[in-house]
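Residue strings, one per chain:
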Amino acid sequence: MSDPRLPYLTELEKKVLWLATWTIHNANHIRPNTDGLKVGGHQASSASMATILTALYFAALRPQDRVAVKPHASPVYHAIQYLLGNQTREKLENFRGYKGAQSYPSRTKDVDDVDFSTGSVGLGVAQTLFSSLVQDYVKAKGWAKDWPEGRMIALVGDAEMDEGNIFEALLEGWKQGVRNTWWVIDYNRQSLDAVIREGLYARFEALFRAFGWDVVTIKYGSLQEAAFREPGGQQLKSWIDSCPNQLYSALTFQGGAAWRKRLLDDIGDQGPATRLIESRTDAELAALMSNLGGHDLPNLVSAFESIDHDRPTVFICYTVKGFGLPIAGHKDNHAGLLTPAQLDGYRAASNIRPGHEWDKFEGMKLPAEDIQAFLSKVPFAQRGRRRLSSPHLDIPAKLAVPEQPTISTQQGFGLILNEVARSTEPFADRVVTTSPDVTVSTNLGPWVNRRGLFGREAMADIFRKERIPSTFTWEFGTKGQHFELGIAEMNLFIMLSALGLSHTTFGERLLPIGTLYDPFIARGLDALNYACYQDARFIVVATPSGVTLAPEGGAHQSISTPLIGLAQDGLATFEPAFVDELSVILRWAFDYIQLDGDAAPDPRSWLRDKTGGSVYLRLSTRPLEQPKREMTDELARDIVDGGYWMRKPGPSARFVIAYTGAVAPEAIEAVGLMGEDRRDIGLLAITSADRLNAGWTAAQHARELGRTNAVSHVERLLAEVPDDCAMITVLDGHPATLAWLGAVRGHRTRALGVEHFGQTGTIQDLYRHFGIDAQAIAAAAESLAPGRPLRHLRAVSGTGRQPA
Ligand SMILES: Cc1ncc(C[n+]2csc(CCOP(=O)(O)OP(=O)(O)O)c2C)c(N)n1
Ligand SMILES: [Mg+2]
C-alpha cells in the first residue's frame, strides 16, 4: 500500500529545493548582500541532499533526534525550517548578510533550532557520536526522564569523510559501545575540486563494518528498480554498476540525449535493452538515470523508518550533486550558480509566478490547507523549539586549598578535585572528567579513584581483584564520572563539546573537565574552536606547559598556548602561579560555565561575565613555595579579574615587573636582586592576561561610546604605576602575551618570554637559555631604566646567557 505521506513529501521536496535555490540566487542577484562576493559552494551541495533532508525532517525524525547538517546543505535546512515556521523570510532574504541566515548551520547565530554548528567539515559528524555517548551517560544516571532517547544523526558529504577526526571518532565509538548514531553519507562522488575516487563506497562499507556499524546502501531509486525489472533491465543495471563516477557525472550534466547516445553505444542490442532506452523520451531517460537512491523519497523514508534497533548505522546514499538543476553533475559545480535565464526557466517549470518566490505554497499541486495540515503534524515539529535547559547548580563559596608548603598547580588541581570527589554537595555529582590517555599524568588519578570510570557495562579492575598493589583503581560502571578516551585530542575537544551542551541537548547540566598536555591543544584546536563557537561549556586543564617541563622533553614544550588562550573567543584563560589562586579560579569556573545571562559587561571589570563561557587553565608541574596569606574577598576578586599587586610600586619606583605563572619565583627573586639598588619596585601577579586584555578593550570601547567613567581592572592596577616607570613582563610562553600591558598607560615595556622550543635541561638551564630567569629580568630592567649599577647583576653577569 502506498504511503499516504508521499504526495506531500514529493511536493515538499520540490519546494525545499526551490527555496534553497532561490535563497542563494536572491543573495547573489536580487538583494546582493555579499559585496560582490559570489555565494558559491551551496547550490550544488544543497541540491544533492534536498531529498534526504526532506525524508528525514518531514517524515523520519522525532523531536529528540539531533542532527548535524553538512555545512553546504544549510540553505536546504533553513528552507525546511522556514516551511515549519521556525525561520523567517527576512533572514532567508538576508542569507549570509548581516544577521541573516548563516552559510553553515549555526547553533549560536541562527534562530531555527540548529542542533550542532557545522562548517569545518568532519567536526559535526564526530560530534553526533560523542553526543550519543553523552546521552548514554545521562540516561545511565537516571536523569533526563521526560526526554526520550533520541538518535544523533550526521548528514555527511562523501569528501567530508576524508577528515581524519572522523576515523578517530569511529575508533573511540567502537571502544565505548556507541549506539543511536546514524551517519547519512551523501555519496554524490564529488568533492569541492573534482570527482572523487572510484569504489570509495567499498572502503566505507568495510571500514564501518570493521567498527561494528550496520551499513545500509541506498543506490537505486524506484524508477531505476522498475526499469531493471523490464526486459533488458539487467543490462542497464550492470552498465550503471560499472560506470565510472566521472562519466556518470558528465552524462548527468549533459542530459537525456547524451545518455541515449552513450547507452545505445554501450548496451544497445537491437533487442530488449535498446527498447528499454528508446521507449523513453530524453527527459524521461535523464530522470531515470538521475533517479539514484538518495533522490528517491519512498526508498529513503522506508530505509530510515525500517531501522528498529539502536546499533550505529551508516547510510550510503547515492546522489547527484546539483540534482534537479542545470548544473547537475558538472565536476566544477561546487561553486556553481544558475544564470538568471536558467533561474527563470526553473521558476517557470516550478509554476512559480515572479514576485511569489517566497510564498510557501506557491506552485504546489496540493491545496495549501492540506499541505499546512500536513506540516502541522510533522512528528519532528511536535515539541516546538528543542533547546532544553537545566537549573544552575550551586557551587560552594570556597573550594579546598591544599596545605603543602611547596606544590605545583598541577598537583594542587589533583588535590582540589580529590576534595570535590569527597564532597556530598550535589554539584560534585555533575562533574564529569575526560582525558585522552593522560588521566594519571595530569593528576586526575585521585578523582578517578573516588568517582570511578564511566562505562555502560561494568568492568572490574583485575589488578585490584588480584590484590596487586596499584595507586589507581581502574573500574568502569554506570556510576563512574570519568570518560577515558584514547590518545586523540580532537576527540577530547569534541567530547567536551558534547558534554558541554548536555544541558541544552538533553536537559541535564554537566560540569565537564578535560585534561591534556598543554602543547597538544594545538592538535585539537579546531575542535576546541568549534566547541566554543557552539557555546558548549567546559573547563580545559592543561599540564605540563611551557619550557618549565624542562627535562620531560623539548618536544613537549608549549609556547603559543597563552596566545591561543588570549585570542580564543568564548574561552576565559587563566595561568595561576599558586594553588590558592587556582582554588579560587576553579570555584569561579564551575559557576561561570553555567551562566547564560545578558551580554552587558560588568561595570567593574568590563568583562561580559554574565554570559558565561568555557575556561582554560594553563597549569604547571613545577613545585613552587606557596605564599602564606589569607584569601580575602578582594584578593579573590582580583585573581578572577586577572591580576593583583603582589607588591605595590612605591612613589620612587623606576620599574615594575609583571609575571604570569610558573616564573613567579624568578620575578620575586629579581625584585630581591635589585632591591638594594632600586627602591619601590612593583610586582604584579597576572593570573589572566586574557581577562585583563578583554576588560581593557571593552572599557576603551565603552569610553569611545560615551561611557567616560568606564575603567577596566588592568587600568585600575596600572594607575598605581608612576608614569615614567618602565615595565618588564615575563612568562613561560610567548612574550606577546603580556607585551600589550605597556600600551594600557604608555609605560615603556620589555616583554620577556619564550620564542623557541626544543631545548632540554633543568628549569634553571632553560630559563637562563631563554632569558626568563631573575638575571634576565634584572638585565632587562637595567636596560630600560638605567640607574646606579645593579650590584647583583654585575656580580653574576656573564654566566652564559645566550641568545636563544
Ligand atoms: C575543515 C574544512 N576544510 C575545508 C573546507 C572547504 N570545503 C567546504 S565543502 C568542501 C568539499 C565538500 O565535499 P563533500 O563533502 O563531498 O560535499 P558536497 O559538496 O559534495 O556536498 C570543502 C573542501 C571546509 N569547509 N572545512
Ligand atoms: Mg560530495
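Thresholds applied
Residues numbered from 1 in each chain as written. Chains lettered and ligands numbered in written order. Predicted model: local features only at pLDDT ≥ 70, side-chain atom pairs only at ≥ 80, totals over all residues. Heavy atoms only, no water. Pairing = 2+ DSSP bridges. Helix = DSSP H or I, 4+ residues; strand = E, 2+ residues; numbered from the N terminus. Axes fitted to C-alpha atoms, helices over the stretch in contact; angles between N-to-C directions. Donors = N, O, S within 2.8 Å, 3.2 Å for Na, K, Ca; no water. Buried < 20%, exposed > 50% of the residue type's maximum accessible area, 1.4 Å probe, protein only. Polar contact = N/O pair within 3.5 Å; in protein donor to acceptor, adjacent residues only side chain to side chain. Near = heavy atom within 4 Å. Nonpolar A, V, L, I, M, F, W, Y, C, P; charged D, E, K, R; others polar. Parallel < 35°, antiparallel > 145°, perpendicular 65-115°, else oblique. Left-handed = near helix turned anticlockwise from the far one by under 90°. Contact = heavy atoms within 4.5 Å.

Undergrad: Would you mind showing me how to read the sheet that holds strand β10 (residues 482–485) here?
TA: Each strand in a sheet pairs with another by means of backbone hydrogen bonds, the pair being arranged parallel or else antiparallel. The six strands lie next to each other as β10-β7-β11-β12-β14-β13, forming an open sheet whose pairing is parallel. On the outer flanks of this sheet lie β10 and β13 (571–574), each paired with one strand and no other. When the angles between neighbouring strand axes are averaged without regard to direction, this sheet yields 15°. Examined bridge by bridge, strand β11 (residues 511–516) and strand β12 (residues 539–542) share four bridges and lie parallel to one another. Bridge pairing in β12 links Thr515 to Val541.

Undergrad: Is there a simple way to think about the coordination of the magnesium ion (ligand 2) in this case?
TA: Ideal geometry at a metal centre gives angles of 109.5 degrees when four donors are arranged tetrahedrally and 90 or 180 degrees when six donors are arranged octahedrally. Protein coordination of the magnesium ion (ligand 2) is provided by Asp158 (OD), Asn188 (OD1) and Gln190 (O), with donor distances spanning 1.9 to 2.2 Å. In terms of primary sequence, the donors binding the magnesium ion (ligand 2) are separated according to D-x29-N-x1-Q. For Gln190, a relative accessible area of 3% translates into the label buried.

Undergrad: So what exactly am I meant to see when it comes to the side chain of Thr442 here?
TA: Topologically, Thr442 is positioned in the loop between β7 (431–436) and α19 (445–451). Its relative accessible area of 1% is what places Thr442 among the buried residues. At 3.4 Å, the side chain of Thr442 forms a polar contact with the backbone oxygen of Thr439.

Undergrad: In this structure, what is going on with the site of ligand 1? I would like to understand it.
TA: Taken together, the neighbourhood of ligand 1 is formed by 18 residues, with Ser45, Lys70, Asp158, Gln190 and Lys321 sitting nearest. In the model, a nitrogen atom of ligand 1 is placed 2.9 Å from a nitrogen or oxygen of the Gly119 main chain. Here an oxygen atom of ligand 1 sits 2.7 Å away from a polar atom, N or O, in the side chain of Lys321. Split into classes, the residues belonging to the shell around ligand 1 amount to three nonpolar, nine polar and six charged.

Undergrad: Teacher, can you tell me more about the packing of helix α1 (residues 6–30) against helix α15 (residues 340–349) here?
TA: Two quantities define a packed helix pair, namely the angle between the axes and the distance from one axis to the other. At a minimum axis distance of 12 Å, the contact between α1 and α15 shows a crossing angle of 150°. Judged by the angle between their axes, α1 and α15 are roughly antiparallel. The chirality of how α1 crosses α15 is left-handed. Residues Lys14, Leu17, Trp18, Thr21, Trp22, His25 and His29 of α1 touch α15, and the partners they reach there are Pro340, Leu343, Tyr346 and Arg347.

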